[in-house]
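# Topology and contacts: notes
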Amino acid sequence: MDPPAPDLLRSDVTPAAPLRQAAAQVTPAAVLGEVPQGAEVLLDEPQRWPEFSDPVEGGAWVSRISVRGMHCAACAITVEAALRQVPGVAACSVNAATGRAWVRWLPGSTRPSQWLAAIERSGYRGAPVRGLDLLEQARREQRAMLWRWLVAGFCMMQVMMYAWPNYGAMPGDIDPDSDRLLRWASFLLSLPVLLFSSGPFFGAALRDLRQGRIGMDAPVAIGILLTFAISSVAAFRPDGPLGKELYFDSLTMFVFILLSGRWIETRLRAQTAGALDRVAEQLPMAANRLRPDGSTELVASDRLSLGDVLRVRSGEGFPVDGEVVTGRSWADESLLTGESQPVQKQPGDAVAAGSINLSETLEVRALRLGRDTRFAQIVDLMERSAHYKTRTLLLADRIAQPFLVAVMAVAALAFFGWWSSDPHRALLAAIGVLIVTCPCALALAAPTAMLTSAAALARRGVLVRDLGALERLARIDAVAFDKTGTLTGDGIEVARIHHLNAARYSDVLSMAAALADQSLHPASRALVRKAALTQAPVAFWVASQVREHAGQGVEGLLGAVGDKGHGQWMRLGSADFCQVPAAQRSADSDRMEVWLADADGPVARFELSESLRPDAADTLRQLRGLGLELALYSGDSARSVRRVVRELGLDAQAQTRAACSAQDKLEALQQRQALGQRVAMVGDGINDAPVLAGADASFAFSRGAALAQVRADFLLLQPRLAQVPMAIVQARRTLRIVRQNLWWAVLYNLIAVPLALAGWLTPWIAGLGMALSSLAVLVNAARLRRMP
């Protein structure tokens, strides 16, 4: 299956608010005929869709759901096949390691209850990620698994007690009646293991067969049934040809070991790939809202409104993005920024949903709710990243089904190959092959490592938007940086103002600020701040028809307030953009320059001073230590770039380009890629969006331009460049562990299959080997949780 295109998952393809308003006007009956009965019908109400879905282009919706009961890649393939058969489902992707799925569907052709029913018919249970019954359903499944494990363990110990005399007794030591009693007792104690403890294996195998597929539980189920059937014949006919083939002890031990492995596997998955659930649980389900009389009422978080004032006590989480009204306290924002140090909060300060109030009670006014909070955006990014499939994951999906068919064929060949010469060995060989070759380790090798690494990076303030980017980042040869706002900090200031036409324009700062107010570029923000500090009459000027040209500047119609649609067409930006004659350009300044020009030529020049980020030089040294080449692409003048290069101590081998447009940056990167290099890009502005999209891997600051964030593979939640080499080191560790897991899975099968074919593996030893192979992969991937 091809990985889903990013546009399928983006909620920003079309404005969400108008689509949601339009959807709210649609009644369930208008969507599709008669509504089926059941609890899922509530999800068919359009006003409920925004709780677990995003509207996208073409009138479609993308829903995020949790799928219970999946254990391997074959399970995910089964669920995907079931979803694709539903009319109106345009696309879907299922991740077995996280138990998550996304579904793109058309409201005019289907509705949530129908594709949820399709999942249930395939033998699994689907629910919206934020469904209220999801956690309770998970608890019920865990309790059932624990009971199955306990029953298998108790029966195994009893059967082993009854089997032990046969292992140590000499011929004639046990009389026939006692031997028959031990055989019947073993048979009776094996029944609960077969009928109750082995239920998940039989259920999954039957479910897959109904779908016309062979799942990973099919060989295990056949092995259990075959072992029980042969042992039952031996129990009731001890003098028959199969009288010595008594494997009740191996059967019960095998099921117990298998359930133990699955239980441990579930726990490890919860620790490694379950970061989404732990993040989502950080948000309070209810909040204390202040009434006009000063009392409080407990209100569900999804029932809050903008402007509500909430009382948040010490130890409670903030349910909304807002500002402090009264009180002083400290907040833990590590979930959002990766920074472990508490942040002080006082009246007027912003607080973020998902952060924790640590000391005193605060009263907070709600400014952003639900899906509009930064917390929700982070969770959404993490959910999306889990559904991007790398080349390794796609390979595992493709080989899972053929591998299982091959296992069944090899088991049959082993049985018929040995039957004529040694029926005892034929049975052991067939059962051993069926059990020992389950490809769980191969299916888990890559996704667990990728998801564990992504969760670890998220805890350190780096969000992975595309899991495949981890694989690409591990292979990069060079890192390219933007200068302004990336290597330099946000502290850009206007150092000098040069009036070039004072007779016509006396307040150039306020004019420039009126244009700059329409841009998020750091230079534009510096001009706006300067105008505010000097109390320049910005409000006297109004800019209309403003257009921003990435990497060059902004232009628009600038006129006095009240004269909307009239005035001078002016430009603010680089010397080339403002068409400044060469004679008027400064030859000695190494500062960043911004020009203001009208139709007759330049009217002002602004010199901006900028400082490097505190960790910029150290970050570049770390990258060189990792054996990476460095490059610097900037839209500023060559003098400004040379100054930064000198301060950073970049060597002559580092590629630097000045006065770059967005297209120039992209072409410079493509030239390196044409030479066979894999290049990562770090940027933050609108002009960086094309080069971020074209890079093999890309980073953007979470507070940078929205377009840059959409194009980047990694989002840096903190304004620290040191996270870039940290992410590269983690990506290399991830790829190394993925390779180790794959090699282990292959080596295990190369050793285990010949032993099984030779008939040297009893069922319980085969089960132990299969369980340990899967656990070895999960434990190895869990090492990625600890970052250096």
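Please read all numbers here as calculations on a predicted model, not as lab measurements. (Residues numbered from 1 in each chain as written. Predicted model: local features only at pLDDT ≥ 70, side-chain atom pairs only at ≥ 80, totals over all residues. Heavy atoms only, no water.)

Per the counting criterion, the structure on display carries 13 aromatic pairs. Ring centres of Phe-187 and Phe-236 lie 5.1 Å apart, and the angle between their planes is 75°; this geometry places the pair in the edge-to-face category. Of this pair, Phe-187 sits in helix H7 (residues 176-197) while Phe-236 is found in helix H9 (residues 217-236), placing the two residues 49 residues apart along the sequence. A residue is classified by how much of its surface remains accessible, and Phe-236, at 48% relative accessible area, is partly exposed. A cation over an aromatic ring shows up here: Arg-148 above the ring of Phe-196, its NZ or CZ 5.5 Å from the ring centre. Across the ring face of Phe-577, the terminal group of Arg-571 is positioned such that the distance to the ring centre comes to 4.4 Å. (Phe/Tyr/Trp six-rings, centres within 6.5 Å; stacked < 30°, edge-to-face > 60°. Helix = DSSP H or I, 4+ residues; strand = E, 2+ residues; numbered from the N terminus. Buried < 20%, exposed > 50% of the residue type's maximum accessible area, 1.4 Å probe, protein only. Lys NZ or Arg CZ within 6 Å of the ring centre and 35° of its normal.)

A few words now on the sheet that holds strand S26 (residues 697-701). Strand order in the open sheet made by the seven strands is S15-S27-S26-S25-S16-S23-S24, with mixed pairing throughout. On the outer flanks of this sheet lie strand S15 (462-464) and strand S24 (655-657), each paired with one strand and no other. Looking at each pair of strands side by side, their axes are set apart by 15° on average, direction ignored. Where strand S23 (residues 629-633) and S24 come together, three bridges link them in parallel fashion. Considered in S24, the bridge of Leu-632 is made with Thr-656. The sheet contacts of helix H23 (residues 662-674) involve strand S16 (478-482), S23, S24 and strand S25 (679-683), and relative to S23 the element is tilted by about 160°. (Pairing = 2+ DSSP bridges. Axes fitted to C-alpha atoms, helices over the stretch in contact; angles between N-to-C directions. Contact = heavy atoms within 4.5 Å.)

Strand order across the open sheet formed by three strands is S11-S10-S13, with antiparallel pairing between neighbours. Both edges of this open sheet fall to strand S11 (343-345) and strand S13 (356-357), since each of them pairs with a single strand only. The pairing of strand S10 (residues 329-332) with S13 spans two bridges and is classified as antiparallel. Considered in S13, the bridge of Ala-331 is made with Asn-357.

Of all seven residues making up strand S3 (residues 89-95), six are buried, and the element is well covered by its neighbours. One ladder, built from six bridges, connects S3 with strand S4 (residues 100-105); its direction is antiparallel. Residue pairing in the sheet places Val-89 in a bridge with Trp-105 of S4.

Right, let's talk about the pattern of salt bridges for a bit. Tallying each qualifying case throughout the model produces 22 salt bridges. Put simply, Asp-177 and Arg-180 hold a salt bridge, and the shortest N to O gap is 3.3 Å. In this pair, Asp-177 and Arg-180 are both assigned in helix H7, three residues apart and thus about one turn of the helix distant. Note on Asp-177: relative accessible area 54%, which makes it exposed. In this structure, the salt-bridge partner of Glu-363 is Arg-311, at a minimum N-O distance of 3.1 Å. (Salt bridge = Lys/Arg side-chain N within 4 Å of Asp/Glu carboxyl O.)

Let's shift gears to the environment of Ser-231. Topologically, Ser-231 is positioned in helix H9. C-alpha separation for the pair Ser-231 and Phe-187, spaced 44 residues apart in sequence, amounts to 8.0 Å. Those residues in contact with Ser-231 that lie beyond four places of it in its chain are Glu-245, Leu-246, Tyr-247 and Phe-248.

The N-to-C vectors of helix H8 (residues 199-210) and H9 enclose an angle of 125°; their axes lie 8 Å apart at closest approach. It follows that H8 is oblique to H9 by the angle criterion. Crossing of H8 against H9: the hand is left-handed. Here H8 contributes Phe-201, Phe-202, Ala-204 and Ala-205 to the contact with H9, which in turn contributes Asp-217, Ala-218, Val-220, Ala-221, Ile-224 and Leu-225. Residues of the contact of H8 with H9, tallied by class, amount to nine nonpolar, no polar and one charged. (Parallel < 35°, antiparallel > 145°, perpendicular 65-115°, else oblique. Left-handed = near helix turned anticlockwise from the far one by under 90°. Nonpolar A, V, L, I, M, F, W, Y, C, P; charged D, E, K, R; others polar.)

With 49 residues, the main nonpolar core has Leu-473, Val-479, Phe-481 and Phe-714 as its most contacted residues. A total of eight residues in this core trace back to one element, the largest contributor, which is helix H26 (residues 723-757). In contact with Phe-481, other than residues within four places in its own chain, are Thr-486, Leu-487, Leu-620, Leu-623, Leu-630, Ala-631, Leu-632, Tyr-633, Met-681, Val-682 and Leu-721. The next biggest cluster of nonpolar side chains, apart from the first, holds 35 residues, and it includes Val-159, Phe-187, Ala-235 and Leu-761. (Core = buried A, V, L, I, M, F, W, Y, C linked by side-chain atoms within 4.5 Å.)

Here the focus is a nonpolar patch on the surface. A grouping of Trp-743, Trp-744, Val-746, Leu-747, Leu-750, Ile-751, Leu-755 and Trp-760 is seen on the molecular surface, where their side chains present a nonpolar patch of about 880 Å² in accessible area. In this fold, Trp-743 is placed in helix H26. Take Trp-743: its relative accessible area is 65%, and that puts it in the exposed class. (Patch = residues over 30% accessible without salt bridge, like charges linked within 9 Å, V, L, I, M, F, W, Y side chains within 5 Å. Areas by Shrake-Rupley, 256 points an atom, 1.4 Å probe, with all protein chains shown as cover.)

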